[in-house]
Amino acid sequence: MAAGGPRLPDTVLFEIFLYLDHPDVLSVGLVCQQWRAVARDEFLWKELFYRYYRVSRDVPRHPAAVSWYDEFQRLYDTIPCVEVQALKEHNDQVLHLSFSHSGCLFASCSKDCTVKIWSNELDISLQHSSNMRPYNWSYTQFSQFNSDDSLLLVSGVFVGPHNSSSGEIAVISMENFTLLSRVRNKPYDVFGCWLNETNLISGNLHRIGRITSCSVLWLNNAFQGIESENVNVVKRLFKIQNLNASTIRTVMVADCSRYDSPDLLLDYEEQLAASSTCPVFDLGSDSEEEEAKPKQPPEPAIQELPDAGDVLAEDGLQQFFDDIMGGRMRPAMTETQLETKVAELFVRNRTKPPEPNLLPTDSNSKTKYLIFTTGCLTYSPHQIGIKRILPHQMTTAGPVLGEERRSDEFFDSLDHVIDIHGHIIGMGLSPDHRYLYVNSRAWPRDCVISDPMQPPPIAEEIDLHVFDLKTMKEVKRALRAHRAYTPNEECFFIFLDVSRDFVASGAEDRHGYIWDRHYNICLAKLQHDNVVNSVAFSPVEQELLLTASDDTTIKVWRSPRAVRIRQARRSRPRKLLFSWLMNQKS
């Protein structure tokens, strides 16, 4: 056994030898005797690891692992799968959880229209609750702390005139829990996010036709009421055309500065290349590496316009109308197809081209990516759009409508598009922002979408995809275990979260799930009484996980190791008190 390491229970040792089909296991005593003999046998622990956790033998050992024994113990003892507390202060469905960067606080949003701030101490306790109903909100749905934890962004659904629904973002000070500003946000599932300590991103939607629209993304200063008389507090970032009833939703910001020094490389070949500069003795280096190669995602579908050639967009649009009037357009187009084609031709020569060299080349780059869900075929989000935010765009200083535009740059184009071929229901970034994890429910293979208002049926299985934002490629086979049952029109967001070594997600099957990021295996199922909407790892302690559910509870999960440590801390004062009392008696 590793020196100083906690000993695995005898029951686990018994299971170990059963998995190895050991012929001499007669009793726990014999198991312990044999355990002492093989405790340092790395080849045995390697064999045990692959068989017990059902890991493909093409997968090498975790790059940070010292031994196979340590890896077995890590996955056995450090998974946050022990329920230690259930928080029941919400009285309706709990929709979202977010930790502060320090890990000292976390926020929860709920259908009861409150955002609650919790203190993460030995026992988690409620510190503050803000009711948003006085501001005509229906419910709170998302929250995010800014980088220094001084402000909290809260996103919710706002009831407007004639009971129309839109979105709104509120900024709350963490110093005294006062409301600093409110920003409209449309549609409400844009959610919103921080770009830096004092500026946040919101959305607006302008209808152009029945299924054509324009999404505008705005940069807003958090201190609008204080600064609006002296400086600009809002600036337009991007203006993007939407086709076939699609809209931009679920915005988030990725910081490119750490791409060359990630916490964990997921490409096994990259791991090998990185480790070669600092050799580590590895007994498990017999992988074939064939299946470990990253799977290339399908390229985004780009529809070519017929007979356009090098003709200007205006000429192409006129030719298109002439063909319709002359009866030369076959087959006949529906009204929605006609609107989409006209919109495509109209925007073709009125869009600012994408930024060249999207992939960052400078490790000290201050570039950030704006990431969001979008689409081109139907209203259900099925693509991920990526737009580079340059340093000069990261402030509200300057013209409100952004930098000066030429007449032929009415819209902004996307710098990169990832086609998921399914309904996207969740996204999350790794702590180093190198990898993007995406929950989706797949469409049938080779399906054809003829009506944007009738998307294909979606699978019950949820696929968890992983994309490398440095290379813009899919790097892991999709993870599976969790399920969802609602159809397209009722589909809702299921939030996931990523720590250094693990990824967790909610599901509609009344469980939260935890996977290992390196080995691509499901490690734990966390029970609730209803849909699990959100999960959140502590950013400073990945052995602490929170889950939020429609059953109105927030559950707190810790690893077996963390539970033992905390129990020891609790029992220490009692022992001291007992010793003091005994001394007093004597």
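Numbers given for residues are sequential positions, taken from 1 along each chain in its written order. With pLDDT at 70 or above as the cut-off, local features in this predicted model cover only qualifying residues; side-chain atom pairs require 80 or more to be listed or tallied, and sums for whole chains, interfaces and linings still use all residues. Computation of side-chain values: all heavy atoms of the structure, hydrogens and water removed.

Chemist: I'm lost on the overall build of the protein in this one. Help?
Modeler: Looking only at helices and strands, the protein has 9 helices and 30 strands in total. The buried share of the protein, taken over its 586 residues, is 53%. The contact criterion used is simple: two residues touch if any of their non-hydrogen atoms lie within 4.5 Å. For the protein, restricting intrachain contacts to residue pairs at least 6 apart in sequence, the fraction spanning at least 24 positions comes to 60%. Reported accessibility uses the Shrake-Rupley method at a 1.4 Å probe radius. Residues are deemed covered only where the shown protein chains occlude them. Of the roughly 27,500 Å² of accessible surface on the protein, 52% is carried by carbon and sulfur atoms. Each helix corresponds to a stretch of at least 4 residues labelled H or I by DSSP, and each strand to a stretch of at least 2 residues labelled E; elements are numbered beginning at the N terminus. Whether a residue is buried, partly exposed or exposed follows from its accessible area with a 1.4 Å probe, protein chains only, as a fraction of its type maximum: under 20%, in between, or over 50%, in that order.

Chemist: Help me out: how do you make sense of unusual backbone geometry in this one?
Modeler: With the exception of glycine, the majority of residues adopt a negative phi angle, and the majority of peptide bonds are in the trans configuration. Note that the residue after Lys-186, namely Pro-187, is joined by a cis bond; omega there is -5°. Phi at Asp-149 takes a positive value of approximately 65°, unusual for a residue other than glycine. Tracing the backbone shows Asp-149 in the loop between strand E6 (137–145) and strand E7 (151–159). Residues other than glycine seldom take positive phi values, yet Arg-510 does so here, at roughly 70°. Tracing the backbone through its elements, the reader meets Arg-510 in the loop between strand E25 (502–505) and strand E26 (511–516).

Chemist: Just checking my understanding: could you explain the environment of Thr-486 for this structure?
Modeler: Within the secondary structure layout, Thr-486 lies in the loop between strand E23 (473–474) and strand E24 (496–498). The class for Thr-486 is buried, based on a relative accessible area of 15%. Distance from Thr-486 to Ile-458, taken between C-alpha atoms, is 9.0 Å for residues 28 residues apart in sequence. Beyond its immediate sequence surroundings of up to four residues, Thr-486 is in contact with Arg-441, Ile-458, Cys-491, Phe-492 and Glu-508. Looking at Thr-486, its side chain comes within polar contact range of the side chain of Glu-508, at 3.0 Å. Any pair of nitrogen or oxygen atoms within 3.5 Å is treated as a polar contact; in protein, a donor-acceptor pairing is required on top of that, and neighbouring residues in sequence qualify only through side-chain atoms on both sides.

Chemist: Any chance you could explain the sheet that holds strand E22 (residues 463–468) here in plain terms?
Modeler: DSSP-based pairing: two strands are paired if at least 2 bridges between them are found. An order of E20-E21-E22-E23 is seen for the 4 strands of this open sheet, with the pairing classed as antiparallel. Because the sheet does not close on itself, it has two edges, and the strands there are strand E20 (422–429) and E23. Alignment of E22 against E23, held across 2 bridges, turns out to be antiparallel. When the sheet's bridge partners are listed, Phe-467 is paired in E23 with Glu-474.

Chemist: I keep staring at helix H4 (residues 68–77) and nothing clicks. Help me out?
Modeler: For H4, a buried count of 8 out of 10 residues is recorded, marking the element as mostly surrounded by other parts of the structure. Listed as buried for H4 are Trp-68, Tyr-69, Glu-71, Phe-72, Gln-73, Arg-74, Leu-75 and Asp-77.

Chemist: I would appreciate a short explanation of the environment of Leu-87 in the present structure.
Modeler: Looking at where Leu-87 falls in the secondary structure, it is placed in strand E1 (residues 82–87). For Leu-87, a relative accessible area of 4% corresponds to the buried category. Along the chain, Leu-87 and Thr-553 lie 466 residues apart, while their C-alpha atoms are 5.6 Å from each other. For Leu-87, the residues in contact, after removing those within four places along its chain, are Phe-106, Trp-118, Ile-124, Thr-552, Thr-553, Ile-554 and Val-556.

So far we have only geometry, and geometry alone does not tell us how the molecule works.
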